Amino acid sequence: MRALYDRLKDRFQLGELTRQRPDLGFVTVGRDHLRALLVELKDVEGFTHLVLFTAVDWLEDGQFQLTYLLNNRATAQDLGVRLMIPREGASMDTIHDLWPTAETYQRELYEMFGIDFPGSPRVDEDFILEGWTDLPPNRRDFDTKEYSEATFAERAGRESHDPRDHMKQKLYPDGE
Amino acid sequence: MRDVLSPFTAWKHLFREPVTVLDPLNDRPGADRYRGFHQNDLEKCIGCGTCEVICQNAAIDMVPVSDPEDGDSGLRPMIDYGRCCWCALCVDVCMTGSLTMSNDYVWADANPDVFRFTPGVDPKPWNEEEKGYQRPGARVLASTERVHMGERTAKDRIDNFEEIVAGYTREEAMIEADRCVECGLCVATCPAHMDIPDYIKAIREQDYDKGLQLLYQTNPFSEVCGRVCTHNCETACAARHDGDPIAIRWLKRHITDEVPYERYVDLIGKPEAATGRKVAIVGSGPAGLTTAYDLARMGHKVVVYEARKSPGGMPRYGIPEYRLPYDMLDRDIDVIRAMGVEIVCNTRIGEDITMETLRADNDAVVLSIGLHLGRSTRIPGAESPDVDTAVPLLRKITDGEEVPVPEKLVVIGGGNVAMDIARSMARLQQVKHGKVGVTVTALESFDHFLADADEVRESREEGIEIFDARGPQEIVTFKSGKRKGRVKGLRTWLCDSIFDDQGRFNPHYDESDELVHPADMVIEAIGQAADVSILGKDLTEALEWTRGRIRVDVDGQTSEPWLWSAGDCVNGPDVVHAVADGHRVAQSINAMLAAKEEAAT
Amino acid sequence: MFKIEPDRSQYPAHNPDGSCDIDLSSGKYVKIWHGPNHPGITGNMSLELTICGDEVVEGRTRVGYLHRGFEKLMERRTFIQVFPIVCRVCVPEPDLNEYCYAAAIEELAGIEVPDYANWMRTLILEMGRFNSYMMYLGGQSGSLGMGVIGQWTTYVRDLMLDRFEELTGARVYHMFILPGGVRDVLPDGFAARMEETLKTAERYLDDVDKVMFQNAVFNKRTRGVGYIDPALFDSYGVTGPTARAGGATTDVRRDAPYLKYDELDFEPVTGTDSDIWARADVRRRDTRLSIDLIRQILVKMQKPGEYFAKIPNVLHWKIPYGETYIRGESSRGEYGYYLVTDGTGYPRRINVRGPSYTHAMALLERLIVNTNISDVGALMVSLHTYPPEIER
């Protein structure tokens with residue numbers, strides 16, 4: 001993992017390598033180098049298997065983290081390639097030509113996070129949600145509880161008591 | 001050809017016994033560990049609500065079932081089976097092990113509302129079912145073991161009065177604080193209703209400033225209580241049912257250890273603007289000073305009168321320094337002073353100033369004089385010059401006065417004061433004679449012992465002999481010779497019951513089991529009394545009394561409208577009760593002053 | 001011997017990228033919905049097919065029928081509260097979810113799981129795999145009209161559910177693998193009862209061999225149908241038995257042994273033809289392998305010992321920033337949990353990598369073009385799809 005990192009570090013200006021396990025590492029890459037890095041990993045370094053492709057919403061930082069997790073079958077190693085993109089108007093280059101299956105991931109990211117992948121087939125076609133007009137639901141600022149409270153009725157007659165408050169009210173209501 | 005014929009072998013199944021369960025409703029009980037409908041042992045359940053907290057789908061409501069009492073909120077979990085996912089985290093996390101699951105899973109009903117019930121309360125066929133999921137072994141979702149408190153060994157501590165316990169390090173405190181489940185059952189039991197779960201949370205979050213502020217909201221004696229509080233809260237702690245209770249007292253102390261003392265006053269904040277009202281307080285123990293602290297923060301002018309050389313009351317003159325270092329007490333008192341409270345020492349009421357003067361000069365007077373007179377057993381021989389009571393001795397030790405230190409002495413009593421004097425004397429013996437020779441005889445058996453278990457353990461470590469269930473009969477004195485009248489020992493009988501059928505104090509002895517504990521000195525530590533002689537004849541007659549104590553109402557007000565009383569002298573001996581008393585009295589006085597103010601304008 | 005060459009119409013002409021231009025108004029094409037209510041085990045999933053005669057010219061996988069937003073729900077729950085949810089991502093084989101999640105948490109929180117718990121986990125995973133294959137065998141034969149096999153495998157699966165029930169306390173969602181270990185030890189006499197179940201299973205599997213795999217109809221309808229070019233495996237994220245049926249030797253249990261798999265004696269089952277039959281055959285033999293592994297585990301498991309590690313108080317358990325990916329071999333292929341923590345008491349992100357996600361979407365849409373409509377059910381089932389993995 002370290003040797004691989006050393007080979008690629010300067011060419012693709014990789015960030016620090018996080019060695020999560022001997023067989024799993026994470027690196028950060030800039031947007032300009034992402035595609036070239038993926039191609040290099042896939043075609044030269046043997047990381048042919050796109051295990052998953054997903055996003056993490058760092059709402060507080062105004063950024064999405066895209067994680068491309070690649071697997072080298074021969075050496076049984078995984079490399080997670082991290083890329084930070086701005087949340088505002090989030091958009092990224094498509095990789096469906098490298099891995100056709102990425103089309104599905106990109107459709108999902110578009111729908112669930114609102115990250116656009118121009119040129120990706122059917123990227124704006126409904127994937128899981130049909131007729132969804134609210135915020136992309138996997139964004140951190142979409143509040144599922146609020147949505148559910150507004151959309152569904154609560155069962156009537158449910159009431160709970162906090163033990164501490166209940167005891168106060170029953171045993172020493174004046175605070176003394 | 002084989003591939004054409006082979007499938008026909010399926011026909012042989014026609015001649016096999018059917019594998020279906022004919023009557024699944026009755027013939028198919030769940031497995032022994034099946035997670036079916038819940039059961040709840042109402043006697044064991046304490047209504048801590050931890051099950052509700054852990055439920056990931058909000059299926060549990062805590063509903064009132066019985067009256068709350070110490071350590072039991074009276075609430076019980078009601079489960080909505082429309083939400084329950086049968087994960088049994090509630091069973092795993094249950095602090096008492098009361099919540100379990102039966103192996104019953106078959107129940108059909110057209111009415112959806114019946115699937116919401118309170119296990120154990122509502123009669124269900126599976127309530128007595130033995131089978132079903134029960135937590136195997138101990139609780140694992142939160143630690144059951146208290147973090148050990150470091151303390152000096154008996155060898156290190158026996159020849160000095162330095163503090164025994166070390167206090168938690170940050171790491172230890174974090175681990176101990178992590179064990180708390182924030183149920184809050186302890187808050188009702190704490191006489192001062194301290195925000196225990198909140199300050200423990202502050203430790204977890206390493207926000208000691210906030211922790212200190214929380215402490216001072218309810219208790220200006222945090223240094224003291226963090227060391228010597230009777231910690232009734234720990235007897236109400238949910239964690240004690242399956243493991244050790246949270247070390248609430250040590251955690252409180254940890255907060256005071258971590259915040260630099262210079263920051264205390266800043267964190268607590270300034271008192272309110274002066275009101276011009278004046279209150280006098282007699283006695284500078286926890287009750288008096290808490291009242292003073294509260295009133296001062298409300299903007300009233302408070303003067304505290306103390307007969308002794310230094311303020312502090314029982315924490316200074318009753319509790320040995322190895323349990324509560326005096327400079328820690330001084331830290332608490334100095335914070336109170338910083339709120340504007342004036343403490344006048346060496347001023348005895350009735351001699352240096354009278355109650356009448358106080359009454360005339362102030363809007364209200366608070367009497368918080370504690371219990372500083374020792375009680376005597378009055379058994380034969382108790383009048384010997386070698387017999388003393390514990391409290392005056394402890395005071396002398398504090399003030400550095402000379403006390404007799406014989407090689408062999410006996411303490412009568414089984415409470416914490418008995419332990420205090422026994423261990424103090426043991427230290428003096430060690431210094432003077434190089435060995436310990438203290439025997440404690442207690443009326444109570446170890447099953448019902450009055451002193452804290454820690455005190456008993458530590459006393460024994462220090463070489464003190466403790467005899468339980470011994471009733472003192474006579475202090476044996478030399479009848480003749482050079483030492484005529486001097487103490488020779490204590491004669492005791494076995495005490496087989498303390499209370500009679502009506503529950504009255506009436507010890508019964510087994511005379512055949514007699515022991516004589518040899519001693520050169522006997523110390524009686526069987527109780528204390530208030531020195532009410534300072535009140536003067538007129539006031540004593542004017543006040544209403546109840547069983548030897550001044551009668552007060554729930555707010556601590558006596559039958560005289562200008563006089564309140566608080567602390568041990570009216571409510572029995574305990575620091576944190578005294579603090580609670582102080583708050584109550586301060587509230588009451590403040591209300592009275594506010595009413596006066598309103599009437600004036 | 002029954003290998004038949006696909007004789008599929010080439011109409012309409014395909015573009016180089018596999019798509020084709022379809023003019024619905026021409027009257028030559030009909031759009032039909034295959035699912036979500038369909039006797040073949042599509043689960044809650046459907047295929048929107050455009051057909052010309054009985055040839056499929058375009059297929060679109062439509063999911064979303066049981067989207068419950070698991071990944072989002074998990075972000076709102078404390079680490080322990082996620083535990084009851086994860087199993088629900090996959091009904092027939094829930095245990096791998098529990099393992100992957102627990103292992104991810106343990107890795108990021110630095111918790112060492114006792115040895116005995118790892119054996120228990122391995123056992124449970126193999127039992128789950130067996131059950132999943134039982135559902136598959138019933139489904140695959142059912143999709144070709146052989147209903148009786150589904151009844152047998154359901155019975156055998158039920159027996160294994162009985163073992164699950166006595167071991168874990170539940171039949172379907174076992175919720176037994178907690179972060180930190182497992183809930184309990186094996187019940188008394190479990191090994192003997194398990195052996196009985198395995199023997200019954202083997203008897204029924206013999207029958208399945210005769211009635212399904214030595215069946216002219218099954219052979220004729222599955223040989224050469226649904227061929228996946230091994231060159232496409234990585235492009236489409238093909239893993240597990242589906243890949244092994246095409247000669248690949250990928251098996252996470254061997255490639256990156258987790259739990260106790262490195263102490264077990266086995267070789268990944270592979271096939272050669274990469275068609276429906278080969279996939280069914282690989283799974284059939286993998287079922288036997290599971291039986292063998294269960295026996296090995298029960299022998300090698302040491303006496304009950306510690307089964308739960310010391311973990312912090314779960315009510316305020318916080319895990320420092322970190323991210324990891326834990327994978328396991330499910331009955332459908334590589335299963336994994338990508339977990340990101342941010343120092344709070346809640347996961348920042350949990351992403352479930354289910355094999356059906358790649359198999360049933362892009363791959364199936366590609367494979368389905370130019371098949372006969374009567375083969376669609378068998379083809380879809382041969383990818384062993386569990387829709388909740390797709391939509392999570």
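Worth saying up front: this structure is predicted, and the values here are computed from it rather than measured.

### Topic: the overall build of chain A
Looking only at helices and strands, chain A has 5 helices and 5 strands in total. Going from the N terminus to the C terminus, chain A shows its helices and strands as α-β-β-α-β-β-β-α-α-α. The C-alpha atoms of chain A give a radius of gyration of 23 Å, which is well past the 16 Å a tight globule of 176 residues would have. With the principal axes as the frame, chain A shows a C-alpha extent of 75 × 40 × 30 Å. Contacts spanning at least 24 positions in sequence make up 51% of the contacts within chain A whose residues lie at least 6 apart. Per element, the accessible surface of chain A, about 8200 Å² overall, is 47% carbon and sulfur.

### Let's talk about a positive patch on the surface
A cluster of like positive charges, contributed by Arg375(B), Arg378(B), Arg547(B) and Arg549(B), occupies part of the molecular surface. Here Arg378(B) lies in the loop between β10 (373-374) and β11 (387-389).

### A closer look at the sheet that holds strand β2 (residues 60-64) of chain B
Residues and elements named next belong to chain B. Read from one edge of the open sheet, 3 strands run β2-β3-β5, paired in antiparallel fashion. Here the strands that pair on one side only, and so sit at the sheet edges, are β2 and β5 (116-117). Here strand β3 (residues 75-80) runs beside β5; their pairing, made up of 2 bridges, is antiparallel. Opposite isoleucine 79, over in β5, you have phenylalanine 117 as the bridge partner.

### A short note on the side chain of Asn351(C)
In this fold, Asn351(C) is placed in strand β8 (residues 347-353). Looking at Asn351(C), its side chain comes within polar contact range of the side chain of Glu71(C), at 3.0 Å. When neighbours within four sequence positions are excluded, Asn351(C) is seen to be in contact with Leu52(A), Thr54(A), Glu71(C), Gly336(C), Tyr337(C), Tyr338(C) and Arg392(C).

### Brief notes about empty space enclosed by the protein
Once rolled over the atoms, a probe with the size of a water molecule shows which space is left empty. Per the counting criterion, the structure on display carries 9 cavities of 30 Å³ or more. Around the largest cavity sit 14 residues that line it, and Asn71(A), Arg73(A), Val252(C), Asp255(C) and Arg327(C) are the ones nearest its centre. Among the elements of the structure, α9 (252-255) and β6 (322-329) of chain C are those that each provide at least two residues to the lining of the largest cavity. Of the residues in the lining of the largest cavity, the class split is 3 nonpolar, 4 polar and 7 charged.

### Some details on the interface of chain C and chain A
Taken together, the 43 residues of chain C in the interface contact 48 residues of chain A. With both sides pooled, the region where chain C packs onto chain A buries about 3700 Å², and carbon together with sulfur makes up 48% of that total. Counting the contacts that link chain C with chain A gives 10 salt bridges. Joining chain C to chain A, the criterion identifies 30 residue pairs in polar contact (both at pLDDT 80 or more). When the residues that make up the side of chain C that touches chain A are grouped by side-chain class, the tally is 14 nonpolar, 10 polar and 19 charged.

### A few points about the confidence of the model for chain C
Per-residue pLDDT for chain C averages 88, and the proportion of residues at 70 or more is 93%. Across residues 1-9 of chain C the pLDDT falls below 50, and counting only partners more than four positions away or on other chains, this stretch makes 15 contacts in the model.

### Here's the deal with the sheet that holds strand β2 (residues 46-52) of chain C
All names here are of chain C. Taken together, 3 strands build an open sheet; the order of strands is β1-β2-β3 and the sheet is antiparallel. Across the chains shown, the open sheet's two edge strands, defined by having one partner strand only, are β1 (30-34) and β3 (55-62). Ignoring which end each strand starts from, the neighbouring axes of this sheet average 25 degrees apart. Alignment of β2 against β3, held across 7 bridges, turns out to be antiparallel. When the sheet's bridge partners are listed, serine 46 is paired in β3 with arginine 62. Relative to the sheet, helix α11 (residues 355-367) contacts β2 and β3, its axis offset from that of β3 by approximately 170 degrees.

### Concerning the interface of chain A and chain B
Listed by partner, the interface residues are 17 residues for chain A and 36 residues for chain B. Summed over both partners, the interface of chain A with chain B buries about 2000 Å², with 51% contributed by carbon and sulfur atoms. Counting across the chain A and chain B interface gives 6 salt bridges. Across the salt bridge formed by Arg155(A) and Asp80(B), the nearest N and O atoms sit 2.5 Å from each other. Inspection of the chain A/chain B interface yields 12 residue pairs in polar contact (both at pLDDT 80 or more).

Here is what the cut-offs are and how they apply
- Residues numbered from 1 in each chain as written.
- Chains lettered and ligands numbered in written order.
- Predicted model: local features only at pLDDT ≥ 70, side-chain atom pairs only at ≥ 80, totals over all residues.
- Heavy atoms only, no water.
- Helix = DSSP H or I, 4+ residues; strand = E, 2+ residues; numbered from the N terminus.
- Rg over C-alpha atoms; globule rule 2.2 N^0.38 Å.
- Contact = heavy atoms within 4.5 Å.
- Areas by Shrake-Rupley, 256 points an atom, 1.4 Å probe, with all protein chains shown as cover.
- Patch = residues over 30% accessible without salt bridge, like charges linked within 9 Å, V, L, I, M, F, W, Y side chains within 5 Å.
- Salt bridge = Lys/Arg side-chain N within 4 Å of Asp/Glu carboxyl O.
- Lys, Arg positive; Asp, Glu negative; His and termini not counted.
- Charge placed at Lys NZ, Arg CZ, Asp CG, Glu CD.
- Pairing = 2+ DSSP bridges.
- Polar contact = N/O pair within 3.5 Å; in protein donor to acceptor, adjacent residues only side chain to side chain.
- 1 Å grid on protein atoms, 1.4 Å probe; cavity = no way out; pocket = protein on both sides within 12 Å on 5 of 7 lines; lining within 4 Å.
- Points joined across faces, edges and corners; volume = space filled by probe spheres on them.
- Nonpolar A, V, L, I, M, F, W, Y, C, P; charged D, E, K, R; others polar.
- Buried area = accessible area lost by both parts, 1.4 Å probe.
- pLDDT = per-residue confidence, 0-100.
- Axes fitted to C-alpha atoms, helices over the stretch in contact; angles between N-to-C directions.

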